[in-house]
Amino acid sequence: MRTIQFEKIVSEVEKLCIKSSHELPQDVLTALQAAAQKESNASAKKILNQLIENAKIAKDQQIPICQDTGLAVVFLQIGSQVSVSPDNTTIVDAVNTGIARGYEKGFLRKSVVAQPLNNRKNTDTNTPAVIHTEIVPGDKIRITLMAKGGGCENKSQFKMFLPTDDKEKIIGWIVNVVAQAGADACPPFVVGAGLGGDFEQCCLLSKKALLRKLNSHNTDSFYADMEKQLLQKINSLGIGPAGLGGDTTALAVMIETAPCHIASLPVAVNIECHAHRHASCEI
Amino acid sequence: MKKITTPLTDEVVCSLKAGDEVSISGIVYTARDAAHKRLCELVGQKKQLPIPIEGQIFYFVGPTPARPGKIIGSAGPTTSARMDSFSPILLAAGLKGMIGKGYRCDAVRDALKKYCAVHFAALGGAGALLSQYIISAQVVAYEDLDTEAIRKLEVKDFPAIVAYDSYGNSVFKKVEE
């Protein structure tokens with residue numbers, strides 16, 4: 001058993017909060033640059049270049065890329081040979097402590113209210129985070145933090161299809177979900193789709209899909225092909241950057257799948273804005 | 001690029017057409033969901049508002065905290081549609097312009113026509129870039145709302161597009177499926 005200090009996890013999470021808010025991942029920046037090159041609509045090209053400039057200002061001046069520094073969604077892969085010290089602490093506590101510290105020290109916006117309906121009072125710490133844990137072999141902890149904005153999350157959708165429905169029907173629905181997100185959710189989007197699993201696993205898949213590199217493809221050629229078709233159809237919508245028209249409505253579409261019940265075919269779409277902020281570390 | 005200054009007059013609003021690129025200078029007030037709800041409650045009770053809104057522009061933004069010595073943090077627009085049910089009430093009370101991102105509903109479009117007002121779109125997700133055009137910021141109401149408090153901002157050459165003009169036109173071609 002390897003022992004990891006509570007404080008070590010706190011300080012790593014703190015760094016992830018600050019880094020992810022100020023530095024757009026390289027693959028996202030590369031996708032924006034490629035889109036700006038290819039874009040045939042002059043004003044859309046200008047907007048894409050402004051987004052690239054925004055990323056540069058954010059990094060140089062250490063100002064958050066977007067004022068919505070997000071709800072912290074944390075994916076933990078915890079090695080089965082890991083324990084946390086002192087004994088009366090947990091990894092989850094350490095993650096939340098790190099987020100509270102990171103959002104305070106990094107001058108990030110606290111966007112979490114304690115109650116959803118009655119008395120929506122800000123917790124002033126940006127906690128609790130939404131934390132997903134997975135036990136994996138080994139003696140390390142891998143932490144991935146996604147700062148998920150509210151505007152795009154609001155446009156995400158879930159639907160139960162019939163097990164006999166075909167690929168075209170699902171593609172049509174996903175494209176329509178993106179169309180409905182439109183200008184409101186800050187296109188060009190990164191689109192994560194979950195197929196299969198059950199109600200909650202399907203939604204989680206759609207969010208996990210966002211963590212793939214934007215130039216990656218599903219390892220199964222059927223779904224890789226579906227990703228390609230979706231991207232092409234979504235970009236044909238003409239919504240464009242900021243919803244003001246253009247060829248670039250999405251930077252990538254990524255599908256993740258899981259086995260499911262014979263009666264079911266759940267599909268979830270997680271809409272992510274162009275400010276696709278996430279960072280990882282391994283302890 | 002049309003240069004406009006606040007507060008807005010009917011003459012200026014009438015000169016703006018959907019799709020026009022503008023640069024805005026002068027005072028704008030920040031307000032998002034929670035502040036809108038409170039302001040509209042006051043309007044409903046015929047009570048005085050904590051800020052003068054006649055001729056003013058509301059910028060739908062909840063900025064990040066300013067670093068020491070800085071004016072403001074990241075400050076880009078939030079989704080306008082969440083303010084849709086409130087905006088007609090505030091336009092009737094004298095508000096003349098709004099800055100946000102994304103679509104507005106038909107009731108807002110009608111109110112923009114009726115009260116000769118305008119809705120601008122600023123670039124969503126570009127809060128670092130847009131913060132560069134803000135030259136002063138001060139909380140003037142609802143301090144308890146933290147980022148959602150009403151701030152008086154002075155902006156200089158703030159870039160935006162006329163998204164919905166006072167004639168019922170929109171820059172957006174909404175995709176219908």
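Residues numbered from 1 in each chain as written. Chains lettered and ligands numbered in written order. Predicted model: local features only at pLDDT ≥ 70, side-chain atom pairs only at ≥ 80, totals over all residues. Heavy atoms only, no water.

**Q** Looking at this structure, how should I read the state of the cysteines?
**A** Any covalent bond linking the sulfur atoms of two cysteines counts as a disulfide. All names here are of chain A. Enumeration according to the criterion identifies zero disulfides over all chains in this entry. Not engaged in a disulfide, the cysteine C186 finds its nearest cysteine sulfur in C273; these two sulfurs lie 5.8 Å apart. Unpaired in this structure, C273 has its nearest cysteine sulfur neighbour in C152, at a distance of 4.1 Å. Judged by relative accessible area, which is 8%, C273 ranks as buried. (Disulfide = S-S within 2.5 Å. Buried < 20%, exposed > 50% of the residue type's maximum accessible area, 1.4 Å probe, protein only.)

**Q** Just to check I follow, could you spell out the sheet that holds strand β7 (residues 189-196) of chain A for this structure?
**A** Residue and element names in this part refer to chain A. Sheet architecture is open: four strands sit in the order β6-β9-β7-β8, paired in mixed fashion. Edge positions in the open sheet fall to β6 (157-161) and β8 (250-258), since each of these has one partner strand only. The sheet shows a mean angle of 15 degrees between the axes of neighbouring strands, direction not considered. Sheet topology places β7 next to β8; eight bridges connect them, and they run parallel. Opposite G194, over in β8, you have E256 as the bridge partner. On the sheet, helix α7 (residues 199-208) packs against β6, β7, β8 and β9 (265-272) and is oriented at approximately 150 degrees with respect to β7. Of the strands in this sheet, β7 and β8 touch helix α8 (residues 221-235), which is tilted by about 145 degrees from β8. (Pairing = 2+ DSSP bridges. Helix = DSSP H or I, 4+ residues; strand = E, 2+ residues; numbered from the N terminus. Axes fitted to C-alpha atoms, helices over the stretch in contact; angles between N-to-C directions. Contact = heavy atoms within 4.5 Å.)

**Q** How should the packing of helix α2 (residues 26-38) of chain A against helix α3 (residues 42-61) of chain A be read in this particular structure?
**A** Each packed pair of helices is defined by two parameters, the angle between the axes and the distance between the axes. All names here are of chain A. The geometry of α2 relative to α3 is characterised by a closest axis approach of 9 Å and an angle of 155 degrees between their N-to-C directions. Considering the angle they form, α2 stands roughly antiparallel to α3. Crossing of α2 over α3 shows left-handed handedness. Side by side, α2 and α3 meet where L29, L32, Q33, A35, A36 and Q37 of the first sit next to K45, L48, N49, L51, I52 and A55 of the second. When grouped by side-chain class, the residues that make up the contact of α2 with α3 number eight nonpolar, three polar and one charged. (Parallel < 35°, antiparallel > 145°, perpendicular 65-115°, else oblique. Left-handed = near helix turned anticlockwise from the far one by under 90°. Nonpolar A, V, L, I, M, F, W, Y, C, P; charged D, E, K, R; others polar.)

**Q** Could you clarify how one ought to interpret unusual backbone geometry in this entry?
**A** Backbone phi values are negative for most residues with the exception of glycine, while trans is the configuration of most peptide bonds. Put simply, A:T127 and A:P128 share a cis peptide bond, and its omega is 0 degrees. Omega for the peptide link from B:T6 to B:P7 comes to -5 degrees, which places this bond in the cis form. Here B:P7 is to be found in the loop between β1 (2-5) and α1 (10-15). The phi dihedral of A:D124 is positive, around 65 degrees, even though this residue is not glycine. Notably, B:C116 is not glycine yet its phi reads approximately 50 degrees, a positive angle. By the element assignment, B:C116 lies in the loop between α4 (106-114) and β5 (118-121).

**Q** Help me understand the domain arrangement of chain A, please; the structure alone is not making it clear to me.
**A** It is common to give the size of an interface as the accessible area that goes away when the parts come together. All names here are of chain A. Splitting chain A by domain gives domain 1 (2-19 + 65-148) and domain 2 (151-281). Distance between the C-alpha centres of domain 1 and domain 2: 26 Å. Residue-level contacts link 18 residues of domain 1 with 17 residues of domain 2. Buried area between domain 1 and domain 2, both sides added, is near 1500 Å², and the carbon and sulfur share of it is 62%. Where domain 1 touches domain 2, the interface holds three salt bridges. The tally of links between domain 1 and domain 2 comes to eight residue pairs in polar contact (both at pLDDT 80 or more). At the level of elements, α1 (6-22), β2 (71-79), β4 (130-136) and β5 (141-148) are the ones that each hand at least two residues to the side of domain 1 that touches domain 2. Considering every element that reaches the side of domain 1 that touches domain 2, the biggest residue donor is β5, with eight residues. (Domains from an automatic or database assignment. Buried area = accessible area lost by both parts, 1.4 Å probe. Salt bridge = Lys/Arg side-chain N within 4 Å of Asp/Glu carboxyl O. Polar contact = N/O pair within 3.5 Å; in protein donor to acceptor, adjacent residues only side chain to side chain.)

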